[in-house]
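Examining the three-dimensional arrangement
Listed here are the chains, written in short residue letters.
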Amino acid sequence: MILKWMGVCLLLCLAAAYSMAVWRRWREVSLYQQGWIALLEYVRSKICCFGTPLQDILTSADEALLAGAGIPKQGSEDFAALCHRGSVQLGNEGGALLRALGDEIGTIWRTEQVERLDYYIEALREQQTGL
């Protein structure tokens, strides 16, 4: 009888540990999504208002803004490479959105970049709400 109770306790502990691990991963993805949304809004505002090139936007961005998106420090990477690297952190759906943004950004005209950024910001917000 004691072995049954020990087995039940072991199963409950494993289920609790697994639930905590999944919750932490969802929380981490949610924080990365919030950081990427903030970074994309910043990039959009710099492109829309001032027509600033992408590389200049990243060098002038606040370190806290970059850290929120999981970018540890300002490096020499371009924005497309950062999007591809960030797609790994966000997982399946958010990662696919960032990968697609990385493929498009910098290759289209300024007005199209602003429209595409609006689309990706809204898509990430909807996904974050669903998460």
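Residues numbered from 1 in each chain as written. Predicted model: local features only at pLDDT ≥ 70, side-chain atom pairs only at ≥ 80, totals over all residues. Heavy atoms only, no water.

This model, assessed by the stated rule, comprises five salt bridges. Residues Arg25 and Glu28 are paired through a salt bridge, measuring 3.1 Å at the closest nitrogen-oxygen approach. Here the residue Arg25 and the residue Glu28 both occupy positions in helix 1 (residues 2-50), the gap between them amounting to three residues, near one helical turn. Salt-bridge contacts for Glu104 lead to Arg116; the nearest nitrogen and oxygen are separated by 2.8 Å. With Glu104 in helix 5 (residues 92-104) and Arg116 in helix 6 (residues 110-130), the pair connects residues that are twelve residues apart, well separated along the chain. Under the relative-accessibility criterion, Arg116 is labelled partly exposed at 28%. Among the ionic contacts, a cluster of salt bridges with common partners joins Glu41, Glu122 and Arg125. (Salt bridge = Lys/Arg side-chain N within 4 Å of Asp/Glu carboxyl O. Helix = DSSP H or I, 4+ residues; strand = E, 2+ residues; numbered from the N terminus. Buried < 20%, exposed > 50% of the residue type's maximum accessible area, 1.4 Å probe, protein only.)

Bringing a nonpolar patch on the surface into the picture now. There is a patch of nonpolar side chains on the surface, built from Met1, Trp5, Val8 and Leu12 and spanning about 490 Å² of accessible area. With respect to the helices and strands, Val8 occurs in helix 1. Under the relative-accessibility criterion, Val8 is labelled partly exposed at 39%. (Patch = residues over 30% accessible without salt bridge, like charges linked within 9 Å, V, L, I, M, F, W, Y side chains within 5 Å. Areas by Shrake-Rupley, 256 points an atom, 1.4 Å probe, with all protein chains shown as cover.)

Compared with the 72 Å implied by 1.5 Å per residue over 49 residues, the 71 Å span of helix 1 between its first and last C-alpha is a close match. What helix 1 keeps buried is the set Val29, Ser30, Gln33, Gly35, Trp36, Ile37, Leu39, Leu40, Tyr42, Val43 and Ile47. Check the buried side of helix 1 and you find it contacts helix 2 (54-60), helix 3 (63-68), helix 4 (79-90), helix 5 and helix 6. Once helix 1 finishes, Gly51 follows within two positions and takes phi at roughly 65 degrees, a positive value. (Expected span 1.5 Å × (residues − 1). Contact = heavy atoms within 4.5 Å.)

This part covers the environment of Ile121. Take Ile121: it is sitting in helix 6. Sequence separation of Ile121 and Ile37 is 84 residues, and the distance between their C-alpha atoms is 5.8 Å. Beyond its immediate sequence surroundings of up to four residues, Ile121 is in contact with Ile37, Leu40, Glu41 and Arg44.

Looking at the chain as a whole, its pLDDT mean stands at 90, while 97% of the residues score no less than 70. The least confident element of the chain is helix 2, whose mean pLDDT is 85; the most confident is helix 1, at 94. (pLDDT = per-residue confidence, 0-100.)

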